[in-house]
Amino acid sequence: MLTGGPADIPAGGACAFQLPGDRSAASHARSLVAATMRQLNFAPDPIEDARLAVSELATNALAHASSTTRPELWIWARTRPTPQLVVSVFDAHRDAWPSLSHNDLLDEHGRGLSIVLALAVHAGASFTRSRLAVSTGKRVWFTLPLPAAWSAAGHVIAPGLAANRLCEALAARGIPTSCRSDDKGISVVTAGALDVWVEPKAFSWRDGQGYSRQPLIDLQETAERIVGHHETHASKTST
């Protein structure tokens with residue numbers, strides 16, 4: 001199953017693939033990442049880095065796969081803090097989290113994720129919700145630099161459209177939203193307990209971690225961070 005296509009990524013879209021719930025998950029993830037990056041004009045070396053890294057994440061997620069909620073592979077781009085491709089693998093279990101530290105590459109228990117950290121610009125893990133099913137869970141992700149001639153430079157998103165797309169992206173994942181606008185073209189999207197300002201050039205919001213600001217083209221990154229905030233808050237209030 002797939003939502004979106006590689007051509008949507010420079011315009012603020014994302015690819016979301018459902019991976020098999022068996023040992024072929026890693027090979028499928030490798031093939032999907034490589035095919036997507038080729039269509040985005042990545043060079044061979046970063047494609048191979050991504051193949052190695054996503055294979056480790058898919059293998060790790062498979063250990064927590066279930067017959068009802070299979071792992072998912074998500075790919076999008078962000079321009080802040082620097083232009084990067086974001087690759088995430090989702091699984092529906094929150095009782096097992098990776099240790100994202102630079103373990104010795106010869107340490108059998110930490111070797112897989114150490115490989116990811118060695119290849120990626122950044123990596124992390126966070127609470128989230130499925131993009132392809134009705135399920136909560138976590139994502140483990142890594143980033144790689146975007147090509148120098150990234151094709152998003154000419155894409156401009158109007159604030160009103162950005163606000164609507166953000167509401168749609170959040171509502172599709174079960175986050176309650178509402179939107180109001182003023183006569184100056186500024187919108188406020190309320191997502192759960194969080195207010196997100198949609199200004200002419202950027203989304204901005206303040207949460208427990210401080211003030212955040214993302215360009216409107218970073219729609220997927222913004223939506224994912226809001227989903228993560230919502231799920232982290234829900235997790236804390238339920239314990």
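Computed from a predicted model, the values in this text were never measured in an experiment.

(A) Structural detail: the overall build of the chain. For the chain, the helix and strand inventory stands at five helices and 11 strands. Here the chain holds 239 residues, and 48% of them are scored as buried.

(B) Main features of the pattern of salt bridges. Taken as a whole and assessed by the stated rule, the structure comprises nine salt bridges. Between R78 and E221 there is a salt bridge; the shortest N-O distance is 2.9 Å. Taken together, the residues span a long stretch of sequence, with R78 in strand 3 (residues 72–78) and E221 in helix 5 (residues 219–238) at a distance of 143 residues. Residue E221 is classed as buried on the basis of its relative accessible area of 4%. Salt-bridge contacts for R213 lead to E199; the nearest nitrogen and oxygen are separated by 2.8 Å. One end of the pair, R213, is in strand 11 (residues 210–215); the other, E199, is in the loop between strand 9 (194–198) and strand 10 (202–207), with 14 residues separating them in the sequence.

(C) Quick look at helix 4 (residues 159–171). In a regular helix each residue adds 1.5 Å, so 13 residues correspond to 18 Å; helix 4 covers 18 Å between its end C-alpha atoms and thus fits that length. Considered for burial, the residues of helix 4 that qualify are P159, A162, A163, L166, C167 and L170. With its buried residues spanning 135 degrees around the axis, helix 4 presents them on a single face.

(D) Main features of the pairing of strand 4 (residues 84–91). Burial runs high along strand 4: eight of the eight residues are buried. Summarising the sheet, strand 3 and strand 4 pair through seven bridges and their orientation is antiparallel. Across the sheet, the residue bridging to E72 is F90, located in strand 4. Between the antiparallel neighbours strand 3 and strand 4 lie five residues. In this sheet, strand 6 (residues 136–145) lies alongside strand 4 in antiparallel orientation, the contact comprising eight bridges. Paired with F90 across the bridge in strand 6 is R139.

(E) Focus on the sheet that holds strand 10. The sheet built from five strands is open, its strands ordered 7-8-9-10-11 with antiparallel pairing. Every interior strand has two partners, whereas the edge strands, strand 7 (177–181) and strand 11, have only one. On average, adjacent strands in this sheet sit at an angle of 20 degrees to one another, irrespective of strand direction. Pairing between strand 10 and strand 11: six bridges, direction antiparallel. Across the sheet, the residue bridging to D207 is G210, located in strand 11. Of the strands in this sheet, strand 7, strand 8 (187–191), strand 9 and strand 10 touch helix 4, which is tilted by about 170 degrees from strand 7.

(F) Expanded view of the nonpolar core. Among the nonpolar cores identified, the biggest contains 33 residues, and L73 and F142 are the most heavily contacted of them. Within the residue set of this core, elements represented by two or more residues are strand 2 (14–18), helix 1 (25–39), helix 2 (44–62), strand 3, strand 4, helix 3 (111–119) and strand 6. The element that contributes the greatest number of residues to this core is helix 2, accounting for seven residues. Excluding its chain neighbours within four sequence positions, the residues that come into contact with L73 are C15, A16, F17, L19, A29, L32, V33, V54, V87, S88 and V89. Core analysis: the next-biggest nonpolar cluster, separate from the first, contains 20 residues, I157, A163, V189 and I217 among them.

(G) Up close: the side chain of Q84. Take Q84: it is sitting in strand 4. Among the polar contacts listed, one links the side chain of Q84 to the side chain of T82, at a separation of 2.9 Å.

(H) Expanded view of the confidence of the model for the chain. Put simply, the chain has an average pLDDT of 88, and 88% of its residues get 70 or more. Every residue in residues 104–110 is under pLDDT 50, and counting partners more than four places away or in other chains gives five contacts.

(I) Up close: the packing of helix 1 against helix 2. Where helix 1 meets helix 2, the closest approach of the two axes is 8 Å, and the angle between their N-to-C directions is 145 degrees. Crossing hand, helix 1 versus helix 2: right-handed. For the pair helix 1 and helix 2, the contacting residues are A25, A26, A29, R30, S31, V33, A34, M37 and R38 in the first and P46, I47, A50, R51, V54, S55, A58, T59 and L62 in the second. For the contact of helix 1 with helix 2, the per-class residue count stands at 12 nonpolar, three polar and three charged.

Definitions and cut-offs
Residues numbered from 1 in each chain as written. Predicted model: local features only at pLDDT ≥ 70, side-chain atom pairs only at ≥ 80, totals over all residues. Heavy atoms only, no water. Helix = DSSP H or I, 4+ residues; strand = E, 2+ residues; numbered from the N terminus. Buried < 20%, exposed > 50% of the residue type's maximum accessible area, 1.4 Å probe, protein only. Salt bridge = Lys/Arg side-chain N within 4 Å of Asp/Glu carboxyl O. Expected span 1.5 Å × (residues − 1). Arc of directions from axis to C-beta. Pairing = 2+ DSSP bridges. Axes fitted to C-alpha atoms, helices over the stretch in contact; angles between N-to-C directions. Contact = heavy atoms within 4.5 Å. Core = buried A, V, L, I, M, F, W, Y, C linked by side-chain atoms within 4.5 Å. Polar contact = N/O pair within 3.5 Å; in protein donor to acceptor, adjacent residues only side chain to side chain. pLDDT = per-residue confidence, 0-100. Left-handed = near helix turned anticlockwise from the far one by under 90°. Nonpolar A, V, L, I, M, F, W, Y, C, P; charged D, E, K, R; others polar.

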